[in-house]
Amino acid sequence: MSSSSAAPTAKPPMRDALVAAAFQLFLERGYEQTTVDDIVALAGVGRRSFFRYFPSKEDVVFPDHERCLADMTAFLAASDEKDEPVRRVCDAARLVLRMYAENPSFSVQRYRLTKKVPGLRAYELSVVWRYERALAEYLRERFAGLPDGTLHADVIAAAVVAAHNNALRSWLRSDGMGDAGTAVDHALGYVQAAFGRRPHPHPAPADEPTAVAHPEAAHPEVMHFDIEHPDDVVVLVTRRDAPLWRVVQEFESALGRA
């Protein structure tokens, strides 16, 4: 078949074409030296078409965050009372990772560009804050009426974002090599271990070793149970308003790690 009879290559959607043109120019000339007029000229469209998709030049650097934020909000809104809140917000954060992992080369290019341009770093922080606010608003609803419910929600939301971003940026610094999902799961595991709900322990069968309670512990809001064998289960009984650091302290004491 001759080349003249071959089917023409389909043009990318205009939005994608604008993003591709913008990043080509950012890499060739630099972000500050590239104007919107330069972008639309390379993409072969008018200024009006650019602003139909992107309110500003900064927005073309982060083209998918609005969609991702909408997906996260919808995901959280679809939750019910059966969903464990901390696990739910961790799963919501994974939606952001999925967006980055869909196009590793583009994500790495954006990361490098953002590091060089202070204005883009500031813009990125505003985007991160919007994700954190969405997580916090969901958690505030779930913890409504509980002591320090708002504080608890805000701390967990901040922890989720910090853990997610720590793993994500490590992956970006490695040029997108390795399994980003595994790294983020590992980081979010710390958040779930610190704040997630644990199932109530079932009573041990009569033929299994039992634990001895210590109500005379130094801190009456937390009661720990000594164990007779290293493979036994450690059980902590704590008041709802006991500070988390106190619970961790008593847990380490029960394990002999204090």
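Located above this text is the structure these notes cover.
Residues numbered from 1 in each chain as written. Predicted model: local features only at pLDDT ≥ 70, side-chain atom pairs only at ≥ 80, totals over all residues. Heavy atoms only, no water.

## Overview of the overall build of the chain
(1) Moving on: If you tally the helices and strands in the chain, you get 11 helices and three strands.
(2) Moving on: Taking all 258 residues of the chain together, 37% fall into the buried category.
(3) Moving on: Residue pairs at least 24 apart in sequence account for 59% of intrachain contacts in the chain once pairs closer than 6 positions are excluded.
(4) Moving on: Looking at the chain as shown, the accessible area adds up to about 15,800 Å², and 55% of this sits on carbon and sulfur atoms. (Helix = DSSP H or I, 4+ residues; strand = E, 2+ residues; numbered from the N terminus. Buried < 20%, exposed > 50% of the residue type's maximum accessible area, 1.4 Å probe, protein only. Contact = heavy atoms within 4.5 Å. Areas by Shrake-Rupley, 256 points an atom, 1.4 Å probe, with all protein chains shown as cover.)

## Looking at the packing of aromatic side chains
(1) Moving on: Scanning all chains against the criterion turns up seven aromatic pairs.
(2) Moving on: An angle of 50° between the planes, with centres 5.6 Å apart, marks the rings of phenylalanine 50 and phenylalanine 54 as tilted. Side by side, phenylalanine 50 and phenylalanine 54 carry an identical accessibility label, which is buried.
(3) Moving on: Their ring planes at 45° and their centres at 6.5 Å tell us that tyrosine 53 and phenylalanine 54 sit as a pair that is tilted.
(4) Moving on: Grouping aromatic residues by their ring pairs yields a cluster made of Phe23, Phe26, Tyr31 and Phe106. (Phe/Tyr/Trp six-rings, centres within 6.5 Å; stacked < 30°, edge-to-face > 60°.)

## With respect to helix α9 (residues 149–173)
Residues lying three or four places apart along an α-helix face the same way, a consequence of the helix completing one turn every 3.6 residues.
(1) Moving on: Over its 25 residues, α9 extends 36 Å from the first C-alpha to the last, a length consistent with the 36 Å expected when each residue adds 1.5 Å.
(2) Moving on: Just downstream of α9, aspartate 175 is the residue with a positive phi angle, here 65°. (Expected span 1.5 Å × (residues − 1).)

## Overview of the nonpolar core
(1) Moving on: Ranked by internal contacts, the top residues of the largest apolar core, which has 41 residues, are Met72, Val89, Tyr131, Leu135, Leu139 and Val160.
(2) Moving on: For this core, the leading source of residues is α9, giving 11 residues.
(3) Moving on: Excluding residues within four positions of it along the chain, tyrosine 131 makes contact with His65, Cys68, Leu69, Met72, Val96 and Met99.
(4) Moving on: With 20 residues, the next largest nonpolar core counts Tyr31, Phe54, Phe62 and Leu120 among its residues. (Core = buried A, V, L, I, M, F, W, Y, C linked by side-chain atoms within 4.5 Å.)

## With respect to the packing of helix α6 (residues 85–101) against helix α8 (residues 118–142)
(1) Moving on: Contact geometry for α6 and α8: axes closest at 10 Å, N-to-C directions at 155°. Of the possible angle classes, the one that applies to α6 and α8 is roughly antiparallel. Once α6 is placed against α8, the crossing between them reads as right-handed. Of α8, the residues touching α6 (which contributes Pro85, Arg88, Val89, Ala92, Val96, Met99 and Tyr100) are Glu124, Tyr131, Leu135, Tyr138, Leu139 and Arg142. (Axes fitted to C-alpha atoms, helices over the stretch in contact; angles between N-to-C directions. Parallel < 35°, antiparallel > 145°, perpendicular 65-115°, else oblique. Left-handed = near helix turned anticlockwise from the far one by under 90°.)

## Topic: the pattern of salt bridges
(1) Moving on: Per the counting criterion, the structure on display carries 11 salt bridges.
(2) Moving on: The partner of aspartate 37 in a salt bridge is arginine 47, with the nearest N and O atoms 2.8 Å apart. A residue pair is termed long-range when its members are at least 10 positions apart, and aspartate 37 in helix α2 (residues 36–43) and arginine 47 in helix α3 (residues 47–53) qualify at 10 residues.
(3) Moving on: Residue aspartate 37 is classed as partly exposed on the basis of its relative accessible area of 41%. (Salt bridge = Lys/Arg side-chain N within 4 Å of Asp/Glu carboxyl O.)

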